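Each chain is listed here by its residues.
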Amino acid sequence: MSTPYDQQIEDLLAEYRDAREQSVDTRRQINEIQATVTAPRQVVKVTVGAQGQVLALDFPTGAYRNMAPKDLSRVIQATLDQARTKALSQVMEVAVGRLPKGMTPADMVTGNFDPRDMSPKDIEMPDFVREYVERGLGARQGGGARS
């Protein structure tokens, strides 16, 4: 037997499922982010992931051979910093407006969350719908639900 609340309940459950799926999709998109920066004169090329981890460090030319170690170190560090900034910018583009309650952009970047944990386990719903879900239709009509 169908009740007047069945469609509302289905709509709320669909909204909940969509929110959870969006969280998983956002995490997948962030995991796929890579940023590559090449230093001037192609001394070094650095690729980092969404969390700033170095994925590749290449020397496209022999320009590094003519540099003092201290200068080469500075160029590598500056290029790495630029790549991390670029990756973070990409993460923010994906994440802005999609963050669930309680999650910060830093959580998203560092991966310190499980999307399933960030979605509410208890769906917000009007009291009359919650009462129906918990006790059945009889509670609204004064009949009470059987335990």
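Rules used throughout
Residues numbered from 1 in each chain as written. Predicted model: local features only at pLDDT ≥ 70, side-chain atom pairs only at ≥ 80, totals over all residues. Heavy atoms only, no water. Buried < 20%, exposed > 50% of the residue type's maximum accessible area, 1.4 Å probe, protein only. Helix = DSSP H or I, 4+ residues; strand = E, 2+ residues; numbered from the N terminus. Pairing = 2+ DSSP bridges. Patch = residues over 30% accessible without salt bridge, like charges linked within 9 Å, V, L, I, M, F, W, Y side chains within 5 Å. Areas by Shrake-Rupley, 256 points an atom, 1.4 Å probe, with all protein chains shown as cover. Salt bridge = Lys/Arg side-chain N within 4 Å of Asp/Glu carboxyl O. Lys, Arg positive; Asp, Glu negative; His and termini not counted. Charge placed at Lys NZ, Arg CZ, Asp CG, Glu CD. Axes fitted to C-alpha atoms, helices over the stretch in contact; angles between N-to-C directions. Parallel < 35°, antiparallel > 145°, perpendicular 65-115°, else oblique. Contact = heavy atoms within 4.5 Å. Nonpolar A, V, L, I, M, F, W, Y, C, P; charged D, E, K, R; others polar. Core = buried A, V, L, I, M, F, W, Y, C linked by side-chain atoms within 4.5 Å. Phe/Tyr/Trp six-rings, centres within 6.5 Å; stacked < 30°, edge-to-face > 60°. Polar contact = N/O pair within 3.5 Å; in protein donor to acceptor, adjacent residues only side chain to side chain.

Undergrad: Break down the pairing of strand β2 (residues 45–49) for me, citing the residues and quoting the values.
TA: Within a regular strand, the side chains alternate between the two sheet faces. With four of five residues buried, β2 lies mostly within the body of the structure. For strand β1 (residues 34–38) and β2, the ladder comprises five bridges, and the chain directions are antiparallel. Residue pairing for β2: alanine 35 is matched across the bridge by valine 48. Once β1 ends, the chain turns through six residues before running back antiparallel as β2, passing arginine 41 with a positive phi of about 65°. As paired strands, β2 and strand β3 (residues 54–58) are joined by four bridges and run antiparallel to one another. Across the sheet, the residue bridging to threonine 47 is alanine 56, located in β3. Connecting β2 to the next strand, β3, in antiparallel fashion are four residues, including glycine 52 with a positive phi near 85°.

Undergrad: With reference to specific residues and values, describe a negative patch on the surface.
TA: Together, Glu10, Asp11, Glu15, Asp18 and Glu21 make up a region of like negative charge exposed at the surface. As for its position among the elements, glutamate 10 is in helix α1 (residues 6–31).

Undergrad: How would you summarise the packing of α1 against helix α5 (residues 127–135) if you had to cite specific residues and measurements?
TA: Relative orientation of the contacting elements α1 and α5 amounts to 95°, with a least axis distance of 11 Å. By the angle between their directions, the pair α1 and α5 is classed as roughly perpendicular. Taken together, the residues of α5 that come into contact with α1 (itself represented by Asp6, Gln8, Ile9 and Leu12) are Phe128, Val129, Tyr132 and Val133. Split into classes, the residues belonging to the contact of α1 with α5 amount to six nonpolar, one polar and one charged.

Undergrad: Please give an account of the nonpolar core that cites residues and values.
TA: Ranked by internal contacts, the top residues of the largest apolar core, which has 18 residues, are Ile30, Ile33, Val43, Val46 and Val48. For this core, the secondary structure elements donating two or more residues are β1, β2 and α2 (69–95). Examining the composition of this core, we find that six residues originate from one element, α2, more than from any other. Non-local contacts of isoleucine 33, meaning those with residues more than four positions away in its chain, are made with Val48, Gly49, Ala50, Ala87, Gln90, Val91 and Val94. In this structure, Tyr5, Ile9, Val129 and Tyr132 belong to the second largest nonpolar core, which totals five residues.

Undergrad: Could you give an account of the environment of glutamine 90, naming the residues involved and the relevant values?
TA: Residue position: glutamine 90 is located in helix α2. The exposure class assigned to glutamine 90 is partly exposed, which follows from its relative accessible area of 24%. With 57 residues separating them in the primary sequence, glutamine 90 and isoleucine 33 have C-alpha atoms 7.1 Å apart. In this view, glutamine 90 contacts Ile33, Gln34 and Ala35; residues no more than four positions away in its chain are not counted.

Undergrad: So what's going on with the packing of aromatic side chains? Which residues, and what values?
TA: One pass over the full model with this rule turns up one aromatic pair. Where phenylalanine 59 meets tyrosine 64, the ring centres are 4.8 Å apart and the plane angle is 45°; that geometry is what we call tilted. Looking at tyrosine 64, the relative accessible area reads 25%, which means it is partly exposed.

Undergrad: Which residues make up the side chain of arginine 27, and what are the values?
TA: Turning to its location among the elements, arginine 27 is positioned in helix α1. There is a polar contact of 2.8 Å between the side chain of arginine 27 and the side chain of asparagine 31.

None of this, on its own, says anything about what the molecule does.
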